[in-house]
Amino acid sequence: MMEECKLFYFSGQETTSVLFSWIMLLLSQHQDWQARAREEVMQVFGDKTPDLEDINQLKVAISSSHRNDRAVHKETKLGDLTLPAGVQVHMPILLIHRDTKLWGDDAAEFKPERFKDGISKATKNQVCFLPFGWGPRTCVAQNYALLEAKMAMALILQRFSLELSPSYVHLPYKVITIHPKLGAPIILHKL
Ligand code: HEM
């Protein structure tokens, strides 16, 4: 029971907070997208508090990355490979998300318009967008996490404009999830 509680605490707190840091950093760096996101929030909610009914109308594309390790239970064939029981398999999600063969030459660029017609179109129906993992062990809270992220971002964008502080240093580092190593200094201006 203790382990389950710890798992939920870690999975729920760490992933979401790191996601917010990156969304806010990216929207401060890409003022055009910040304006588009705010315009969408204002169109859907105006000044009223975002509610659960309307929040799904927001089409904000949120992508993130998370560790995905699994141990092989019994000897398993994977293409030409034979994986002995007990071997840990690591999915390099970040590399898959940046693979130019899958996403095109602009794979590393922040381009939310990739997702304007949904994830299947953006991925050309390949399994290459895995922020919440895939298969039977996919994140149990995927819908909740996206709802939470949209709700929080809508509230922030309604009230503040975001500016990247000149002190920001881009130094992503991986400790299970990927963090901005020297923090995410963002200046909030009241609207
Ligand atoms: C942006 C936020 C989140 C991201 C990116 C994320 C991502 C992931 C990923 C990649 C996995 C592993 C899936 C696999 O192994 O195939 C996972 C598992 C899990 N997540 Fe999340 N997650 C998020 C938020 C949350 C929240 C808010 C909760 C709980 C309140 C949560 C609870 C869990 C649990 C319990 C598992 C383990 C499922 C299992 O092993 O069967 N996650 N998550």
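Here, every reference points to the structure presented above.
Residues numbered from 1 in each chain as written. Predicted model: local features only at pLDDT ≥ 70, side-chain atom pairs only at ≥ 80, totals over all residues. Heavy atoms only, no water.

## Side note on the overall build of the protein chain
- Of the regular secondary structure elements, the protein chain holds seven helices and eight strands.
- With the principal axes as the frame, the protein chain shows a C-alpha extent of 60 × 45 × 40 Å.
- Looking at the protein chain residue by residue over its 191 residues, the buried ones come to 33%.
- Long-range contacts, defined here as pairs at least 24 residues apart, represent 61% of the contacts in the protein chain between residues at least 6 apart.
- If you sum the accessible surface of the protein chain, you get close to 12700 Å²; carbon and sulfur atoms cover 58% of it.
- Of note, the protein chain has its 22 positive side-chain charges centred 3 Å away from the centre of its 21 negative side-chain charges. (Helix = DSSP H or I, 4+ residues; strand = E, 2+ residues; numbered from the N terminus. Buried < 20%, exposed > 50% of the residue type's maximum accessible area, 1.4 Å probe, protein only. Contact = heavy atoms within 4.5 Å. Areas by Shrake-Rupley, 256 points an atom, 1.4 Å probe, with all protein chains shown as cover. Lys, Arg positive; Asp, Glu negative; His and termini not counted. Charge placed at Lys NZ, Arg CZ, Asp CG, Glu CD.)

## Points about the packing of helix α1 (residues 2-29) against helix α2 (residues 31-45)
- Taken N-terminus to C-terminus, the directions of α1 and α2 make an angle of 110°; their axes are 5 Å apart at the nearest point. One way to sum up the angle between α1 and α2 is to call them roughly perpendicular. On α2, the residues that touch Leu 27, Ser 28 and Gln 29 of α1 are Gln 31, Trp 33 and Gln 34. (Axes fitted to C-alpha atoms, helices over the stretch in contact; angles between N-to-C directions. Parallel < 35°, antiparallel > 145°, perpendicular 65-115°, else oblique.)

## Comments concerning the coordination of the iron atom of the ligand
- Protein coordination of the iron atom of the ligand is limited to a single donor, Cys 139 (SG), which sits 2.3 Å from the metal.
- With respect to the helices and strands, the residue Cys 139 is situated in the loop between α6 (119-122) and α7 (142-159). (Donors = N, O, S within 2.8 Å, 3.2 Å for Na, K, Ca; no water.)

## Points about the side chain of Glu 14
- Of note, Glu 14 is situated in helix α1.
- Given a relative accessible area of 14%, Glu 14 falls into the buried group.
- A distance of 2.8 Å separates polar atoms of two side chains, one belonging to Glu 14 and the other to Thr 177.
- Residues contacting Glu 14, with those up to four places away along its chain left out, are Tyr 9, Val 175, Thr 177 and His 179. (Polar contact = N/O pair within 3.5 Å; in protein donor to acceptor, adjacent residues only side chain to side chain.)

## Observations regarding the packing of aromatic side chains
- Inspection of the entire model under this criterion finds three aromatic pairs.
- Geometrically, the ring pair formed by Trp 103 and Phe 115 is tilted, given 6.3 Å between the ring centres and 50° between the ring planes. Here Phe 115 lies in the loop between α5 (100-103) and α6 and Trp 103 lies in helix α5, a separation of twelve residues in the sequence.
- Looking at Trp 103, the relative accessible area reads 9%, which means it is buried.
- Note on Phe 115: relative accessible area 17%, which makes it buried.
- Where Phe 115 meets Phe 129, the ring centres are 5.0 Å apart and the plane angle is 50°; that geometry is what we call tilted. Here Phe 115 is found in the loop between α5 and α6, whereas its partner Phe 129 is found in the loop between α6 and α7, with 14 residues between them in sequence.
- Taking relative accessible area as the criterion, Phe 129 reaches 11% and is therefore assigned buried.
- Joined through ring pairs, the aromatic side chains of Trp 103, Phe 115 and Phe 129 make up one cluster.
- Over the ring of Trp 33 we find Arg 36, and its NZ or CZ is 4.1 Å from the ring centre. (Phe/Tyr/Trp six-rings, centres within 6.5 Å; stacked < 30°, edge-to-face > 60°. Lys NZ or Arg CZ within 6 Å of the ring centre and 35° of its normal.)

## Regarding a nonpolar patch on the surface
- A surface patch of nonpolar side chains, about 360 Å² in accessible area, is lined by Leu 7, Phe 8 and Val 140.
- For Val 140, the position within the fold is in the loop between α6 and α7. (Patch = residues over 30% accessible without salt bridge, like charges linked within 9 Å, V, L, I, M, F, W, Y side chains within 5 Å. Salt bridge = Lys/Arg side-chain N within 4 Å of Asp/Glu carboxyl O.)

The analysis is restricted to geometry; functional conclusions fall outside its scope.
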